[in-house]
Every structure is written in C-alpha cells, then in structure tokens.
Amino acid sequence: MPQPLQYLKETPSQTAGPYVHIGLAPAAAGFDIYRRELGTQIAPEDTPGTRVRIEGRVIDGMGAAVKDVMIEIWQADANGIYPHPDDPRHADAAPGFRGFGRVIPDFDSGDFAIETIKPGPVPMKGGTVAAPHLNLWLVARGINLGLNTRLYFGDEDNSADPVLNLVEQDHRRRTLIAEKTADGVYRFDIRLQGDNETVFLDV
Amino acid sequence: MTTELYQRDRWWHPPALTPDYKTSVARSPRLAQLSLQGGVCELTGPTFGHGDIDAIDNNLIVNYAKTGDAIGERILVHGRVLDEDARPVPDTLVEIWQANAGGRYRHKKDHYLAPIDPNFGGCGRTLTDAQGRYHFLTIKPGAYPWRNWVNNWRPAHIHVSVFGTSFAQRLITQMYFEGDPLIAHCPIVKSIPDPKAIDTLIAPLDLNAAAPLDHLAYKFDIVLRGRRSTLFENRPEGS
Ligand SMILES: [Fe+3]
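Below: a short report on this structure. All values reported here derive from a predicted model rather than from experimental measurement.

About the cut-offs
Residues numbered from 1 in each chain as written. Chains lettered and ligands numbered in written order. Predicted model: local features only at pLDDT ≥ 70, side-chain atom pairs only at ≥ 80, totals over all residues. Heavy atoms only, no water. Buried < 20%, exposed > 50% of the residue type's maximum accessible area, 1.4 Å probe, protein only. Helix = DSSP H or I, 4+ residues; strand = E, 2+ residues; numbered from the N terminus. Pairing = 2+ DSSP bridges. Contact = heavy atoms within 4.5 Å.

1. Remarks on the pairing of strand β3 (residues 93-97) of chain B
All names here are of chain B.
For step 1, the next point in the chain: Here β3 lies mainly inside the structure; five of its five residues are buried.
For step 2, the next point in the chain: The side-chain alternation of β3 yields two buried faces, one formed by L93, E95 and W97 and the other by V94 and I96.
For step 3, the next point in the chain: In this structure, β3 lies alongside strand β4 (residues 123-127), joined through five bridges in antiparallel fashion. Residue pairing for β4: V94 is matched across the bridge by T126.
For step 4, the next point in the chain: In this sheet, strand β8 (residues 157-162) lies alongside β3 in antiparallel orientation, the contact comprising four bridges. Bridging across to β8, I96 finds its partner in V160.

Structure, rendered in structure tokens:
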C-alpha cells in the first residue's frame, strides 16, 4: 500500500432550495432583519464607468421562467481591476467598488435586472486580454451544484477573448453575449437546458 | 499571487440530473461544461469585513426577537472552514438559513401549516476568525414535508453558504444532524452518490461544546477547494 494522501475532500454541494432568499436576500423573502443586506449594489452611484442595465430571465428545459433563482455577480471595475488582493492591480481599483452583487428576479414573472457599470477588459497572465464581462453564479431549487457562466456585451469587441474562443460552435458562443436593446440596456437570458442551452463553465 | 485551485471532484458532488429529486429534471444542463484553467476572474472573489455585518447576526435565537427568544431546542452550531490542505480559511463569510422549530420557513412562498415563530427570522451570518472558526447560536430546525413524491420529508437541516477567497470556491450546502432517521429517505441527500460524501454533511452531537443548562452543540467543519502551491509564472493562460 502506498502512503495515504492526506488531502481533505471538498464539502459536497446541496441545492440552495426554494428559500435561498431567507439567508442571502431576506428582503426578497419578505422580512427585514439585517442592518444592511450584502450584494444589493454592485457599483455605487459614484463609481467611474458606464452605467448599464441588463434585463433577462433564467429559463428551464420546459421553457418556464426559474422564478426562485439567485444569481451572484462578480466583476472588475471600469479599468478591468478586481477589488481583491490577488488582482495584481488591486491597489488601483475604484474606491468603494465591491464588484459583487446578488440578483433576485421578480417572483411572479421571473424577470431580473442587473444594474452596474460596464467592466473594463482584464489583462491575463500570458498576454491575453479578457473582453469585458461579468462572472455569474446561479443557484436555485433543482440545481444541485451552483452553475458558473459569464456575460459579455454585444457592442464590445469580443473576438480575442480567450474563453469565448474556446467555444467551438458560434451559436453556443452567442449564449454568453448580452445583446444591446437600447442605450445602456442589454438583454441576457440564461437557458438551463434545451435549445440554445447556455454555456456553463467548470471553473 | 494568484494560484490555481485543485480541480473539483465532480464524482463527489451531486450530478446536475438526479431524477428522484424531480425539480432537477428540467433545471439540469445537458451539455458539457467548458472547463477553464483558473484565471484572475475566478481566482479572485468578493471580500467582506466586520463593517458589513453586526455581532448579533450569528445569534438566531435573538437576532429577530420581537417579544422574547425564539422557541425550540437551543443549539450551538460550530466548526471550522478549511481548505483541502486542511489550512484554515480565515475572515470568510458564512451565512446560514433554516426553518423554525416547527419546520416552517419565514418566506412569503412557504405556506406549510406549522406556525411562524414571531421571534425567529431564520438566518444568520458571521466571519470566520483567524483559525477559520465560526459559530452560530440557533434553535434546532424541524423536519418538514415537501412536494416531490407524495410523502417526502426533509430531514432537519441548516442551509450553509460559504465564500472562501476565490469565486471558484463558492459553495452552498446543507448540514444535517447526527441520528436523524429521515436522512436515509431524502432524495435531495441522495442526490450525492457517494455515502462517504453524505457522511461529511452530518454534524455530530458535540457535548464538549454544549453549555450546561443552556444549549446543546453540533460540530460542522466545511472544506473548500484547495490551492496549488505552484505559481502561475510560465504557465499558459486558459482564461
Ligand atoms: Fe430547507
């Protein structure tokens, strides 16, 4: 017998269930408990950058809206800097910018809206540059392990993005791109299954 | 310096499609995920500090008190957040939510006939200390029925959300209680294929941490993905 490897195993995931809002967004669940909820504002009003609003729905394999989903957002500032010590440029991140948000859809319609600033391109090790994008993480009843994906912008040059270029089929690549519908407004639907299933990322 | 995480063991986590948990059928992606080597976008993540939360937030017995303490069996839930190398994860946000002692959630969509406890909100949050430790004072949640098969009951459980230092470590799970006979009958528990993995979600009774004449205790350690010690330098970038 070889020596045992002493690694611990990651705690296995379980669904966030239908009542994830109680813990992570109690106001949406219908009550007020904390002095301040976390993730209600990705970028304060005075954060430098272009304000954008992204509207969409999460849609299941039957074509129905997933009304109990929670989406977390993690994004860079307008200069492409993440406010985290492991970003080499983090000392220059926009003051007060958290880059983190929690988005809850309307429970009746399933429509969600993300209000934020458009992030800048992010320089990667090795010299490539990630096109402006939001990192998304979805949890809901029926989702056993949170789903990662990204949201890019249809009015940006996405041609050199290293992640988009890993997606071989053009119609699948388009599932990651929010289309501009008006000035500063974009549309982004996330399809969990079926035709045009969104590309999910194993990060 | 940002270093990559260990690959997630997808045979340890529940798969997306677990038909006995019916809601997963229409909500499970069917196409292959795109695997990325970690880049700065996922290896960074949101950070929280003591300015974001209040000291009372981890005491669910009193953090929503209106006329008195919450009703139910008083328990301490405590443990550590570690990574796969058994290193503590300090200063990370742990959030929990749960039903009350009768198995009822304070949520506008929960209409189970058990009563709402006016003094129980059902959520708490805290930051781990320098050794990765956390604790919550709460009441033991009740089991509750749910619509899946005709007579499915969730074992008593507490939902747990943890951040770690990378967005790619983000994890939500559920903690169960030692000795609960409903664990073996739950389609959500059984979405996890490996019984050894299920065992890691069951918190043992911890009498050493109980406070005499006050509360019982359960211990629940949480493990997040570990990190390679190799640096990025000279490494081709996947994302
Ligand atoms: Fe639950």
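Next comes the rest of the description.
2. Description of the environment of A113 of chain A
All names here are of chain A.
For step 1, the next point in the chain: In this structure, A113 sits in strand β4 (residues 111-117).
For step 2, the next point in the chain: Looking at A113, the relative accessible area reads 28%, which means it is partly exposed.
For step 3, the next point in the chain: Between the C-alpha atoms of A113 and S159, which are 46 residues apart in sequence, the distance is 26 Å.
For step 4, the next point in the chain: If sequence neighbours within four positions are ignored, A113 has contacts with R53, I54, E55 and V103.

3. Re the sheet that holds strand β10 (residues 202-203) of chain B
For step 1, the next point in the chain: If you trace the five strands from one edge of the open sheet to the other, you get β4-β3-β8-β9-β10 (chain B), paired in mixed fashion. The strands lining the two open edges of the sheet, one partner per strand, are β4 and β10 of chain B.

4. Observations concerning the pairing of strand β9 (residues 177-182) of chain A
Residue and element names in this part refer to chain A.
For step 1, the next point in the chain: Pairing analysis gives two bridges linking strand β8 (residues 147-153) to β9, with the strands arranged parallel. Bridge pairing in β9 links F153 to A178.
For step 2, the next point in the chain: Pairing of β9 with strand β10 (residues 185-187) involves three bridges; the strand directions are antiparallel. Paired with K180 across the bridge in β10 is Y186.
For step 3, the next point in the chain: What sits between the antiparallel neighbours β9 and β10 is a turn of two residues, in which G184 has the positive phi angle 75°.

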